[in-house]
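Observations on the three-dimensional arrangement
The lines below spell out each chain.
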Amino acid sequence: MALENNYLFRLGTPAIAYDGLKFPGHGKRADWSLSGRLTNQGNELTNCGDLLKALALYDKAIAIYPTPVCYYNRGICLSSLNRLVESSESYKKAIDVLP
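Thresholds applied
Per chain, the residues get numbers from 1 upward, laid out in the order the sequence is written. Confidence filtering applies because this is a predicted model: local features only for residues at pLDDT of at least 70, side-chain atom pairs given and counted only at 80 or more, and all residues used for totals across whole chains, interfaces and linings. For side-chain calculations, the full set of non-hydrogen atoms in the structure is used, while hydrogens and water are omitted. The predictor's confidence in any single residue is recorded as pLDDT, a number from 0 to 100. The helix and strand labels rest on DSSP assignments: H or I over at least four residues marks a helix, E over at least two residues marks a strand, and numbering proceeds from the N terminus. By the convention used here, residues are in contact when the closest approach between their heavy atoms is within 4.5 Å. Between the first and last residue of a helix there are one fewer steps than residues, each counted as 1.5 Å, and that sum is the expected span. A 1.4 Å probe rolled over the protein chains alone gives each residue an accessible area, and that area as a share of the maximum for its type sets the label: buried under 20%, exposed over 50%, partly exposed in between. A fitted line through C-alpha atoms serves as each axis, taken over the contacting stretch for helices, and the angle formed by two N-to-C directions is quoted from 0 to 180°. Every angle not falling under 35 degrees, over 145, or within 65 to 115 is termed oblique; those three ranges are roughly parallel, roughly antiparallel and roughly perpendicular. A clockwise turn of the near helix away from the far one marks a right-handed crossing, whereas an anticlockwise turn of less than a right angle marks a left-handed crossing. Residues are grouped as follows: nonpolar covers Ala, Val, Leu, Ile, Met, Phe, Trp, Tyr, Cys and Pro; charged covers Asp, Glu, Lys and Arg; every other residue, Gly included, is treated as polar. A pairing counts as a salt bridge when a side-chain nitrogen of Lys or Arg comes within 4 Å of a carboxyl oxygen of Asp or Glu.

Brief notes about the confidence of the model for the protein
- Mean pLDDT for the protein: 81, with 79% of residues reaching 70 or above.
- Averaged pLDDT values over the elements of the protein bottom out at 38 in helix α1 (residues 7–10) and peak at 96 in helix α3 (residues 51–64).
- For residues 1–14, every residue scores under 50 in pLDDT, and the model assigns this stretch 24 contacts once sequence neighbours within four places are set aside.

This is the structure:
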């Protein structure tokens, strides 16, 4: 999915939503779906400035079904909290889990 087609990107928010993404074909589809919903809820909280609650949702999403989107959005949240080392680690994990 092109980043430009992502509705959060068009609004000027760097977080990536799960909308339009396809199941990668490994693990349980239900876990992937739940992880996506939690990530999208985390995005909403990030956009509202409730970063600690958003971070908790991203962590929960990662525990259920880790995806590059989860880690990327977690990195954005950590950057906003000025937790730059953790943010960098999260971005690296996003790359590591790319399909």
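Some words on helix α4 (residues 68–80)
- Spanning 13 residues, α4 covers 18 Å between terminal C-alpha atoms, matching the ideal 18 Å at 1.5 Å per step.
- Of the positions making up α4, those classed as buried are V69, C70, Y71, N73, R74, G75, I76, C77 and L78.
- The elements touched by buried residues of α4 are α2 (29–48), α3 and α5 (84–96).
- Immediately downstream of α4, the backbone of N82 shows phi near 60°, a positive value.

Re unusual backbone geometry
- Notably, N82 is not glycine yet its phi reads approximately 60°, a positive angle.
- Inspection of the secondary structure puts N82 in the loop between α4 and α5.

Quick notes on the packing of α2 against α4
- Between α2 and α4, the least distance of the axes is 10 Å, while the angle of their chain directions is 20°. The angle between α2 and α4 falls in the class roughly parallel. For the element pair α2 and α4, the recorded crossing hand is left-handed. Packed against α2, whose contacting residues are S35, T39, N43 and T46, the element α4 presents V69, C70, N73 and C77 at the interface.
- Residues that form the contact of α2 with α4 fall into these classes: three nonpolar, five polar and no charged.

A look at the pattern of salt bridges
- This model, assessed by the stated rule, comprises three salt bridges.
- For the salt bridge of E86 with R83, the shortest nitrogen-to-oxygen distance reads 2.8 Å.
- Using a relative accessible area of 30% as the deciding quantity, one classes R83 as partly exposed.

Structural notes on the packing of α3 against α4
- Running from N to C, α3 and α4 point in directions that differ by 155°, and their axes come no closer than 9 Å. Relative to α4, α3 is oriented roughly antiparallel. Where α3 crosses over α4, the handedness of that crossing is left-handed. Between α3 and α4, the contacting residues are L51, A54, L55, Y58, D59, A61 and I62 on the first element and C70, Y71, N73, R74, C77, L78 and S80 on the second.
- Partitioning the contact of α3 with α4 into residue classes produces ten nonpolar, two polar and two charged.

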